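One letter stands for each residue in the lines below.
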Amino acid sequence: MYICLEGIDGSGKSTQIKLLEQWLYNCGHEVLRVFEPTDSKVGRLIREMLRNPHATDENFQRTLGLLFAADRTILMDKIIDAEVEGKVVISDRCFYSSIAYQNGAEWLSQINKFARKPDLVLLLDLEPETALMRCEGKDSFEDRSFLEKIRKKYLKLAKEEEFFVVNANNGINKVHEDIKRIVARRLGMCV
Ligand SMILES: Nc1ncnc2c1ncn2[C@@H]1O[C@H](COP(=O)(O)OP(=O)(O)OP(=O)(O)O)[C@@H](O)[C@H]1O
Ligand SMILES: Cc1cn([C@H]2C[C@H](O)[C@@H](COP(=O)(O)O)O2)c(=O)[nH]c1=O
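Here is a short report on the structure shown in this document. Everything numeric in this text was worked out from a predicted model, so none of it was measured. (Residues numbered from 1 in each chain as written. Chains lettered and ligands numbered in written order. Predicted model: local features only at pLDDT ≥ 70, side-chain atom pairs only at ≥ 80, totals over all residues. Heavy atoms only, no water.)

Moving on, we get to the sheet that holds strand S4 (residues 120–125). Strand order across the open sheet formed by five strands is S2-S3-S1-S4-S5, with parallel pairing between neighbours. With partners counted over all chains shown, the strands left at the sheet margins are strand S2 (31–35) and strand S5 (164–167), one partner each. The sheet shows a mean angle of 20 degrees between the axes of neighbouring strands, direction not considered. Where S2 and strand S3 (residues 88–92) come together, five bridges link them in parallel fashion. Counted as the bridge partner of Val34 is Ser91 from S3. (Pairing = 2+ DSSP bridges. Helix = DSSP H or I, 4+ residues; strand = E, 2+ residues; numbered from the N terminus. Axes fitted to C-alpha atoms, helices over the stretch in contact; angles between N-to-C directions.)

Following this line, the structure appears as structure tokens:
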């Protein structure tokens, strides 16, 4: 089972994924936690590029789209191996981040054709204003109007791809409870 948490910067993905990992582990599941960009050479290059002040330029975004696809392709073996071993894979972002953040769904789908689609996607949804207040100015995408656009794209994707939308305006514990309920149902567990 491959589960992905998506959402704009500062929506609480890292916080929730750690709680989810601990809960799944306590319930007796073997878990692999991954994140994108990864800590591969390509992932580290991406993080460096994200510090660029021109990060929202069109060609810069195209280059990032290609690098994210490469980074993701490298990650796939690890995910597939873990699934074969019966682990639950939980991922902080996946292919859908590229669709939301970079432009051009068609060419992005082409270059991501080796990326496995998650079995379950949870979208942590909240207003960019709140997300920005929670962030610490970590990278150059943290701009209100930009995040507004990204949020709209995510909500559109959620309808098209049947994501579970979680209200991330709530407190950490309530968001965790909501996520647990959705994941438990999918894994056939009781909460
Ligand atoms: N539900 C919540 N209510 C209030 N604060 C929260 C909540 N969830 C997370 N936070 C805080 O908001 C900040 C951002 O959270 P977190 O790093 O988990 O988000 P993220 O989606 O992983 O961000 P990014 O995409 O930028 O890495 C952290 O300081 C975290 O403690
Ligand atoms: C996977 C992926 C990520 N991004 C962006 C989204 C964020 O601004 C950063 C990643 O940092 P975070 O700590 O996980 O928030 O990268 C993107 O633009 N495209 C992608 O495919």
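Before going further, it helps to spend a moment on the state of the cysteines. One pass over the full model with this rule turns up zero disulfides. The thiol of Cys4 is unpaired, and the distance to the nearest cysteine sulfur, on Cys94, comes to 3.1 Å. Residue Cys4 is classed as buried on the basis of its relative accessible area of 0%. (Disulfide = S-S within 2.5 Å. Buried < 20%, exposed > 50% of the residue type's maximum accessible area, 1.4 Å probe, protein only.)

Turning our eyes to something else, we now look at the site of ligand 2. Not every one of the 14 residues close to ligand 2 is listed here, only the nearest: Asp9, Arg72, Arg93, Ser98 and Gln102. In the environment of ligand 2, an oxygen atom lies 2.8 Å from a nitrogen or oxygen atom belonging to the side chain of Arg72. Taking Ser98, its side chain carries an N or O atom lying 2.6 Å from an oxygen atom of ligand 2. Elements that contribute at least two residues to the shell around ligand 2 include exactly helix H3 (58–84) and helix H4 (95–101). Here the element with the most residues in the shell around ligand 2 is H4; it accounts for three residues. (Near = heavy atom within 4 Å. Polar contact = N/O pair within 3.5 Å; in protein donor to acceptor, adjacent residues only side chain to side chain.)

This part takes up the nonpolar core. Ranked by size, the top nonpolar core spans 49 residues in total, and within it Leu24, Leu122, Ile179 and Val183 carry the most contacts. With six residues, the single largest contributor to this core is helix H7 (residues 144–161). Setting aside its immediate chain neighbours within four residues, Leu24 contacts His29, Val31, Val88, Ile90, Val183, Leu187 and Met189. Counting residues in hydrophobic clusters, the runner-up holds nine residues, among them Val42, Met49, Ala55 and Phe60. (Core = buried A, V, L, I, M, F, W, Y, C linked by side-chain atoms within 4.5 Å. Contact = heavy atoms within 4.5 Å.)

Further remarks concern the pattern of salt bridges. According to the stated counting rule, one finds 15 salt bridges in the structure shown. Residues Arg62 and Glu58 are paired through a salt bridge, measuring 3.0 Å at the closest nitrogen-oxygen approach. Of the two residues, Arg62 and Glu58 are both situated in helix H3; the distance of four residues between them amounts to about one turn of the helix. Three or more residues joined by partner-sharing salt bridges are found here, namely Glu83, Arg116 and Asp119. (Salt bridge = Lys/Arg side-chain N within 4 Å of Asp/Glu carboxyl O.)

Let us now look at empty space enclosed by the protein. One water molecule sets the probe size; rolling that probe over the atoms shows where empty space is left. All chains considered together, the criterion is met by one cavity of 30 Å³ or more. Computed from the structure, the largest cavity encloses a volume of approximately 30 Å³. Lining the largest cavity we find Ile8, Leu123, Leu124, Asp125, Leu126, Arg151, Tyr154 and Leu155. At the level of elements, S4 and H7 are the ones that each hand at least two residues to the lining of the largest cavity. Class assignment for the residues of the lining of the largest cavity results in six nonpolar, no polar and two charged. (1 Å grid on protein atoms, 1.4 Å probe; cavity = no way out; pocket = protein on both sides within 12 Å on 5 of 7 lines; lining within 4 Å. Points joined across faces, edges and corners; volume = space filled by probe spheres on them. Nonpolar A, V, L, I, M, F, W, Y, C, P; charged D, E, K, R; others polar.)

Close to ligand 1 lie 14 residues, the nearest being Gly12, Lys13, Ser14, Thr15 and Asn170. Taking Ser11, its main chain carries an N or O atom lying 3.1 Å from an oxygen atom of ligand 1. In the environment of ligand 1, an oxygen atom lies 2.7 Å from a nitrogen or oxygen atom belonging to the side chain of Lys13. Here ligand 1 loses 73% of its free accessible area of 640 Å² to cover by the protein chains. (Areas by Shrake-Rupley, 256 points an atom, 1.4 Å probe, with all protein chains shown as cover.)

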